[in-house]
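The chain contents come next:
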Amino acid sequence: MPTFLSILPSRLRSGLRQRLATRLIGDPSARWAAVDDHICASLLPADPALDAALAEGEAGGLPPITVSRNQGKLLELLARIHGARRILELGTLGGYSTISLARALPEGGEVVTLEFDPHFAEVARRNIAAAGFADLVEVRVGPALETLPALAEEGRRFDMFFIDADNRNLSRYVEWAIQLGGPGSLIVADNVVGEGAIVDPQADDPWREEGGIEGVLRFYELAGADPRLDITAVQTVGSKGYDGFALALVTDLAAPPSSSADTQPAATEPLVSATTDN
Ligand code: SAH
Ligand code: MG
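Computed from a predicted model, the values in this text were never measured in an experiment.

Caption draft 1: Expanded view of the overall build of the protein chain. Within the protein chain, the secondary structure is distributed over nine helices and seven strands. Counting the 278 residues in the protein chain, one finds 39% classified as buried. Across the protein chain, every contact between residues at least 6 apart in sequence was considered, and the portion connecting residues at least 24 apart equals 75%.

Shown next, in the form of C-alpha coordinates:
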(Lines give C-alpha, C1' and ligand atoms only; values in the text may rest on other atoms or scores of the structure.)
(Ligands and ions follow the chains in the order given, each with its own letter.)
Protein backbone atom coordinates (compact mmCIF):
# COMPACT_ATOMS: atom_id res chain seq x y z
CA MET A 1 0.00 0.00 0.00
CA PRO A 2 1.77 3.23 -1.09
CA THR A 3 1.92 5.91 1.59
CA PHE A 4 1.10 9.55 0.98
CA LEU A 5 4.82 10.43 0.78
CA SER A 6 5.76 7.54 -1.51
CA ILE A 7 3.38 8.62 -4.30
CA LEU A 8 4.97 12.08 -4.51
CA PRO A 9 7.89 12.76 -6.85
CA SER A 10 11.11 12.10 -4.93
CA ARG A 11 12.35 15.69 -4.96
CA LEU A 12 9.08 16.90 -3.46
CA ARG A 13 9.16 13.99 -1.01
CA SER A 14 12.61 14.81 0.35
CA GLY A 15 11.64 18.49 0.50
CA LEU A 16 8.63 17.61 2.66
CA ARG A 17 10.70 15.37 4.91
CA GLN A 18 13.25 18.15 5.33
CA ARG A 19 10.53 20.65 6.25
CA LEU A 20 8.98 18.23 8.70
CA ALA A 21 12.38 17.62 10.32
CA THR A 22 13.00 21.37 10.53
CA ARG A 23 9.62 21.81 12.28
CA LEU A 24 10.47 19.11 14.78
CA ILE A 25 14.09 19.91 15.65
CA GLY A 26 14.85 23.31 14.11
CA ASP A 27 17.30 23.71 11.23
CA PRO A 28 19.12 20.38 11.38
CA SER A 29 22.24 21.63 9.62
CA ALA A 30 22.63 24.47 12.18
CA ARG A 31 22.44 21.87 14.92
CA TRP A 32 24.99 19.61 13.20
CA ALA A 33 27.40 22.55 12.95
CA ALA A 34 26.85 23.51 16.59
CA VAL A 35 27.58 19.94 17.69
CA ASP A 36 30.77 19.92 15.59
CA ASP A 37 31.79 23.17 17.33
CA HIS A 38 31.10 21.53 20.67
CA ILE A 39 33.11 18.43 19.76
CA CYS A 40 36.08 20.49 18.60
CA ALA A 41 35.98 22.90 21.55
CA SER A 42 35.73 20.02 24.05
CA LEU A 43 38.06 17.43 22.60
CA LEU A 44 40.57 19.06 20.26
CA PRO A 45 43.29 21.49 21.26
CA ALA A 46 43.67 24.94 19.72
CA ASP A 47 45.33 24.46 16.36
CA PRO A 48 47.06 27.54 14.94
CA ALA A 49 48.60 25.57 12.04
CA LEU A 50 45.23 24.34 10.73
CA ASP A 51 43.59 27.73 11.43
CA ALA A 52 46.33 29.37 9.36
CA ALA A 53 45.92 26.82 6.55
CA LEU A 54 42.18 27.58 6.39
CA ALA A 55 42.79 31.34 6.44
CA GLU A 56 45.36 31.07 3.64
CA GLY A 57 42.95 28.96 1.61
CA GLU A 58 40.22 31.53 2.04
CA ALA A 59 42.58 34.38 1.15
CA GLY A 60 43.70 32.44 -1.93
CA GLY A 61 40.11 31.97 -3.13
CA LEU A 62 40.01 28.20 -2.51
CA PRO A 63 36.55 26.66 -2.06
CA PRO A 64 35.66 25.83 1.59
CA ILE A 65 35.51 22.09 0.97
CA THR A 66 38.22 20.75 3.26
CA VAL A 67 37.41 18.02 5.73
CA SER A 68 36.16 19.47 9.02
CA ARG A 69 38.49 19.79 12.01
CA ASN A 70 37.13 16.66 13.71
CA GLN A 71 37.16 14.70 10.44
CA GLY A 72 40.80 15.70 9.94
CA LYS A 73 41.52 14.35 13.41
CA LEU A 74 39.76 11.11 12.43
CA LEU A 75 42.09 10.81 9.43
CA GLU A 76 45.09 11.38 11.68
CA LEU A 77 43.85 8.74 14.14
CA LEU A 78 43.13 6.22 11.38
CA ALA A 79 46.66 6.69 10.06
CA ARG A 80 48.10 6.19 13.55
CA ILE A 81 45.93 3.16 14.29
CA HIS A 82 46.97 1.65 10.97
CA GLY A 83 50.62 2.50 11.59
CA ALA A 84 50.77 4.19 8.18
CA ARG A 85 54.25 5.13 6.94
CA ARG A 86 53.57 6.05 3.32
CA ILE A 87 50.31 7.82 2.60
CA LEU A 88 48.92 8.79 -0.81
CA GLU A 89 46.27 11.50 -0.91
CA LEU A 90 44.20 12.31 -4.00
CA GLY A 91 42.83 15.88 -3.88
CA THR A 92 45.09 18.26 -1.93
CA LEU A 93 43.19 21.54 -2.18
CA GLY A 94 45.04 23.78 0.33
CA GLY A 95 46.70 20.94 2.23
CA TYR A 96 44.37 20.91 5.24
CA SER A 97 43.78 17.14 5.28
CA THR A 98 47.39 16.64 4.15
CA ILE A 99 48.64 18.30 7.35
CA SER A 100 46.33 16.08 9.44
CA LEU A 101 47.72 12.98 7.73
CA ALA A 102 51.35 14.14 7.99
CA ARG A 103 50.95 14.52 11.75
CA ALA A 104 50.39 10.79 12.08
CA LEU A 105 53.63 9.83 10.37
CA PRO A 106 56.48 8.16 12.21
CA GLU A 107 60.12 9.13 11.65
CA GLY A 108 60.95 8.54 7.98
CA GLY A 109 57.31 8.53 6.82
CA GLU A 110 55.95 10.39 3.81
CA VAL A 111 52.78 11.78 2.26
CA VAL A 112 52.44 12.19 -1.49
CA THR A 113 49.44 14.30 -2.41
CA LEU A 114 47.98 14.77 -5.88
CA GLU A 115 46.29 17.99 -7.00
CA PHE A 116 44.93 19.03 -10.38
CA ASP A 117 45.01 22.79 -9.85
CA PRO A 118 48.47 24.46 -9.83
CA HIS A 119 47.23 27.41 -7.75
CA PHE A 120 45.68 25.15 -5.10
CA ALA A 121 48.92 23.15 -5.04
CA GLU A 122 50.96 26.31 -4.49
CA VAL A 123 48.76 27.37 -1.54
CA ALA A 124 49.04 23.83 -0.18
CA ARG A 125 52.85 23.81 -0.41
CA ARG A 126 53.00 27.03 1.58
CA ASN A 127 50.56 25.73 4.20
CA ILE A 128 52.37 22.42 4.52
CA ALA A 129 55.73 24.19 4.91
CA ALA A 130 54.29 26.58 7.51
CA ALA A 131 53.00 23.58 9.47
CA GLY A 132 56.53 22.14 9.47
CA PHE A 133 56.01 19.24 7.05
CA ALA A 134 57.82 20.44 3.91
CA ASP A 135 60.30 17.57 4.16
CA LEU A 136 57.68 14.85 4.60
CA VAL A 137 55.14 15.88 1.99
CA GLU A 138 55.38 15.93 -1.79
CA VAL A 139 52.66 17.75 -3.76
CA ARG A 140 52.31 16.56 -7.36
CA VAL A 141 50.35 18.66 -9.83
CA GLY A 142 48.21 17.26 -12.64
CA PRO A 143 45.14 15.13 -13.24
CA ALA A 144 45.42 12.16 -10.90
CA LEU A 145 44.91 9.73 -13.78
CA GLU A 146 48.23 11.05 -15.13
CA THR A 147 50.17 11.32 -11.88
CA LEU A 148 49.11 7.87 -10.63
CA PRO A 149 50.73 5.95 -13.53
CA ALA A 150 53.92 7.98 -12.96
CA LEU A 151 54.01 6.87 -9.32
CA ALA A 152 53.53 3.26 -10.43
CA GLU A 153 56.36 3.54 -12.97
CA GLU A 154 58.63 4.87 -10.24
CA GLY A 155 57.79 1.79 -8.17
CA ARG A 156 56.26 3.86 -5.37
CA ARG A 157 54.20 1.94 -2.81
CA PHE A 158 51.81 3.22 -0.13
CA ASP A 159 50.06 1.70 2.87
CA MET A 160 47.23 4.22 3.24
CA PHE A 161 45.14 6.20 0.75
CA PHE A 162 42.86 9.18 1.24
CA ILE A 163 40.75 9.62 -1.89
CA ASP A 164 39.16 13.08 -1.94
CA ALA A 165 39.31 14.31 -5.55
CA ASP A 166 36.76 14.09 -8.39
CA ASN A 167 33.96 11.60 -7.79
CA ARG A 168 33.45 10.58 -11.39
CA ASN A 169 36.78 8.74 -11.28
CA LEU A 170 36.31 7.29 -7.80
CA SER A 171 36.29 3.62 -8.79
CA ARG A 172 39.39 4.13 -10.95
CA TYR A 173 41.16 5.69 -7.99
CA VAL A 174 40.19 2.76 -5.78
CA GLU A 175 41.67 0.39 -8.38
CA TRP A 176 44.89 2.42 -8.40
CA ALA A 177 45.00 2.32 -4.61
CA ILE A 178 44.68 -1.46 -4.65
CA GLN A 179 47.53 -1.64 -7.17
CA LEU A 180 49.83 0.81 -5.34
CA GLY A 181 49.01 -0.52 -1.89
CA GLY A 182 48.39 -4.22 -2.07
CA PRO A 183 47.15 -6.44 0.74
CA GLY A 184 46.86 -4.81 4.14
CA SER A 185 46.60 -1.27 2.86
CA LEU A 186 43.88 1.08 4.06
CA ILE A 187 41.66 3.11 1.75
CA VAL A 188 39.53 6.02 2.96
CA ALA A 189 37.27 7.60 0.34
CA ASP A 190 35.50 10.85 1.16
CA ASN A 191 32.15 12.14 -0.13
CA VAL A 192 30.36 8.89 -0.93
CA VAL A 193 26.89 9.97 0.28
CA GLY A 194 26.37 13.52 -1.01
CA GLU A 195 23.23 14.51 0.91
CA GLY A 196 21.74 11.15 0.04
CA ALA A 197 21.87 11.89 -3.68
CA ILE A 198 23.01 8.30 -4.28
CA VAL A 199 19.45 7.08 -3.56
CA ASP A 200 17.69 9.93 -5.35
CA PRO A 201 18.14 9.87 -9.11
CA GLN A 202 16.34 13.23 -9.39
CA ALA A 203 18.72 15.02 -7.03
CA ASP A 204 21.04 17.78 -8.12
CA ASP A 205 24.63 16.70 -7.79
CA PRO A 206 25.53 17.96 -4.31
CA TRP A 207 29.23 18.03 -5.26
CA ARG A 208 28.47 20.16 -8.35
CA GLU A 209 30.50 17.82 -10.48
CA GLU A 210 29.24 16.47 -13.78
CA GLY A 211 29.04 12.70 -13.57
CA GLY A 212 29.76 12.74 -9.84
CA ILE A 213 26.68 10.79 -8.74
CA GLU A 214 27.17 8.20 -11.48
CA GLY A 215 30.82 7.86 -10.45
CA VAL A 216 29.90 7.22 -6.83
CA LEU A 217 27.17 4.74 -7.79
CA ARG A 218 29.67 2.88 -9.96
CA PHE A 219 32.04 2.81 -6.99
CA TYR A 220 29.36 1.12 -4.81
CA GLU A 221 28.60 -1.39 -7.55
CA LEU A 222 32.22 -2.35 -8.16
CA ALA A 223 33.51 -2.13 -4.59
CA GLY A 224 30.62 -4.23 -3.31
CA ALA A 225 31.49 -7.00 -5.77
CA ASP A 226 35.25 -6.78 -5.26
CA PRO A 227 36.68 -9.68 -3.22
CA ARG A 228 39.87 -7.69 -2.64
CA LEU A 229 38.08 -5.15 -0.44
CA ASP A 230 36.85 -5.53 3.12
CA ILE A 231 34.72 -2.42 3.09
CA THR A 232 31.98 -0.31 4.63
CA ALA A 233 30.66 3.23 4.34
CA VAL A 234 29.36 5.55 7.03
CA GLN A 235 27.08 8.60 6.72
CA THR A 236 28.21 11.81 8.42
CA VAL A 237 26.57 15.10 9.37
CA GLY A 238 28.34 18.17 10.74
CA SER A 239 29.73 21.56 9.85
CA LYS A 240 30.31 20.27 6.30
CA GLY A 241 26.70 19.19 5.86
CA TYR A 242 25.51 15.67 5.13
CA ASP A 243 27.88 13.30 3.40
CA GLY A 244 29.87 10.19 4.29
CA PHE A 245 33.03 8.21 3.80
CA ALA A 246 34.01 4.69 2.85
CA LEU A 247 36.66 2.71 4.67
CA ALA A 248 38.30 -0.36 3.14
CA LEU A 249 41.07 -2.75 3.92
CA VAL A 250 42.66 -4.45 0.93
CA THR A 251 42.60 -8.20 1.57
CA ASP A 252 45.06 -10.70 0.18
CA LEU A 253 42.65 -12.05 -2.43
CA ALA A 254 44.53 -11.49 -5.67
CA ALA A 255 41.87 -11.84 -8.36
CA PRO A 256 39.96 -8.74 -9.44
CA PRO A 257 36.26 -9.29 -10.14
CA SER A 258 35.38 -9.65 -13.81
CA SER A 259 33.15 -6.55 -13.64
CA SER A 260 36.09 -4.31 -12.79
CA ALA A 261 37.77 -4.81 -16.17
CA ASP A 262 37.01 -1.26 -17.25
CA THR A 263 38.38 0.24 -14.06
CA GLN A 264 41.82 -1.26 -14.53
CA PRO A 265 44.38 1.50 -14.33
CA ALA A 266 45.25 2.38 -17.89
CA ALA A 267 46.89 5.36 -19.51
CA THR A 268 44.01 5.36 -22.00
CA GLU A 269 41.38 6.23 -19.38
CA PRO A 270 39.64 9.50 -20.23
CA LEU A 271 41.34 12.23 -18.26
CA VAL A 272 39.10 14.48 -16.35
CA SER A 273 39.57 18.05 -15.27
CA ALA A 274 39.01 19.42 -11.81
CA THR A 275 35.49 20.62 -11.23
CA THR A 276 34.79 19.04 -7.92
CA ASP A 277 33.24 20.22 -4.75
CA ASN A 278 34.81 17.76 -2.35
N1 SAH B 1 41.49 16.80 0.74
C2 SAH B 1 41.21 18.23 0.84
C3 SAH B 1 40.00 18.63 0.01
C4 SAH B 1 40.10 18.22 -1.44
S5 SAH B 1 38.87 19.00 -2.42
C6 SAH B 1 40.96 18.59 2.30
O7 SAH B 1 40.12 17.92 2.93
O8 SAH B 1 41.58 19.51 2.82
C9 SAH B 1 39.07 18.14 -3.92
C10 SAH B 1 40.34 18.51 -4.65
O11 SAH B 1 40.52 17.57 -5.70
C12 SAH B 1 40.29 19.90 -5.29
O13 SAH B 1 41.41 20.63 -4.85
C14 SAH B 1 40.37 19.60 -6.77
O15 SAH B 1 41.11 20.56 -7.51
C16 SAH B 1 41.08 18.26 -6.78
N17 SAH B 1 40.82 17.47 -8.01
C18 SAH B 1 39.68 17.42 -8.73
N19 SAH B 1 39.83 16.63 -9.80
C20 SAH B 1 41.09 16.17 -9.76
C21 SAH B 1 41.84 15.31 -10.60
N22 SAH B 1 41.31 14.77 -11.71
N23 SAH B 1 43.13 15.05 -10.26
C24 SAH B 1 43.66 15.59 -9.13
N25 SAH B 1 43.00 16.41 -8.30
C26 SAH B 1 41.74 16.70 -8.61
MG1 MG C 1 36.06 15.67 0.72
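Moving on from the model shown.
Caption draft 2: Looking closely at unusual backbone geometry. At Leu 93, a residue that is not glycine, the phi angle is positive and equals roughly 50°. Relative to the helices and strands, Leu 93 is located in the loop between β1 (86-90) and α5 (96-103). Taking the number of C-beta atoms within 10 Å as the measure of exposure, Leu 93 has 29 and is therefore buried. The backbone phi angle of Glu 195 is positive, close to 55°, even though this residue is not glycine. One can find Glu 195 in the loop between β5 (186-190) and α9 (212-224).

Caption draft 3: How the structure looks around the sheet that holds strand β3 (residues 137-141). An order of β3-β2-β1-β4-β5-β7-β6 is seen for the seven strands of this open sheet, with the pairing classed as mixed. The sheet is open, and its two borders are formed by β3 and β6 (229-238), each paired with just one other strand. Neighbour-to-neighbour, the strand axes of the sheet open up by a mean angle of 15°, direction not taken into account. Alignment of β6 against strand β7 (residues 241-250), held across ten bridges, turns out to be antiparallel. Of the residues in β7, the one forming a bridge with Asp 230 is Leu 249. Sitting on the sheet, helix α6 (residues 118-130) touches β2 (110-115) and β3, and the angle it makes with β3 is about 170°.

Caption draft 4: Spatial organisation of the environment of Asp 51. Assignment of secondary structure puts Asp 51 in helix α3 (residues 48-59). Sequence separation between Asp 51 and Tyr 96 is 45 residues, and the spatial gap between their C-alpha atoms is 9.2 Å.

Caption draft 5: Spatial organisation of the pairing of β2. The element β2 is largely enclosed, with a buried count of five among its six residues. Between the parallel pair β1 and β2, the chain is carried across by α5, and the sense of this crossover is right-handed. In the classification by handedness, the crossover that spans β2, the intervening α6 and the parallel β3 is right-handed.

Caption draft 6: Spotlight on the packing of α3 against α6. Look at α3 against α6: their axes get within 10 Å of each other, and the N-to-C directions meet at 160°. With respect to α6, the axis of α3 lies roughly antiparallel. As α3 packs across α6, the resulting crossing turns out to be right-handed. Where α3 approaches α6, its residues Ala 49, Ala 52, Ala 53, Glu 56 and Gly 57 are matched on the opposing element by Val 123, Arg 126, Asn 127 and Ala 130. Broken down by class, the residue content of the contact of α3 with α6 amounts to five nonpolar, two polar and two charged.

Caption draft 7: Fine view of the nonpolar core. Judged by nonpolar contacts, the single largest core of 62 residues is most densely connected at Ile 163, Val 174 and Ile 187. For this core, the leading source of residues is helix α8 (residues 170-181), giving seven residues. Excluding residues that lie within four positions of it along the chain, Val 174 makes contacts with Ile 163, Ile 187, Ala 189, Phe 219 and Ala 223.

Caption draft 8: Structural view of the packing of helix α7 (residues 144-153) against α8. Two elements in contact, α7 and α8, have axes separated by 11 Å at closest approach and are oriented at 10°. By the angle between their directions, the pair α7 and α8 is classed as roughly parallel. Each of Ala 144, Leu 145, Leu 148, Leu 151 and Ala 152 in α7 lies in contact with α8, whose residues at this interface are Arg 172, Tyr 173, Trp 176, Gln 179 and Leu 180. Partitioned by chemical class, the residues of the contact of α7 with α8 number eight nonpolar, one polar and one charged.

Caption draft 9: Representation of α7. Within α7 the residues assigned to the buried category are Ala 144, Leu 145 and Leu 148. One side of α7 holds all its buried residues, which, seen down the axis, span an arc of 95°. Opposite the buried face of α7, at more than 90 degrees from it, the exposed residues are Ala 150 and Glu 153. On the buried face of α7, the contacting elements are β1, β2 and α8. Just beyond α7, the residue with positive phi is Gly 155, at close to 75°.

What counts as what
Residues numbered from 1 in each chain as written. Chains lettered and ligands numbered in written order. Predicted model: local features only at pLDDT ≥ 70, side-chain atom pairs only at ≥ 80, totals over all residues. Helix = DSSP H or I, 4+ residues; strand = E, 2+ residues; numbered from the N terminus. Buried ≥ 20, exposed ≤ 12 C-beta atoms within 10 Å, placed from the backbone. Contact = placed C-beta atoms within 7 Å. Pairing = 2+ DSSP bridges. Axes fitted to C-alpha atoms, helices over the stretch in contact; angles between N-to-C directions. Right-handed = clockwise from strand over helix to strand, strands pointing away. Parallel < 35°, antiparallel > 145°, perpendicular 65-115°, else oblique. Left-handed = near helix turned anticlockwise from the far one by under 90°. Nonpolar A, V, L, I, M, F, W, Y, C, P; charged D, E, K, R; others polar. Core = buried A, V, L, I, M, F, W, Y, C linked by C-beta atoms within 7 Å. Arc of directions from axis to C-beta.

By themselves, these figures tell us nothing about what the structure is for.
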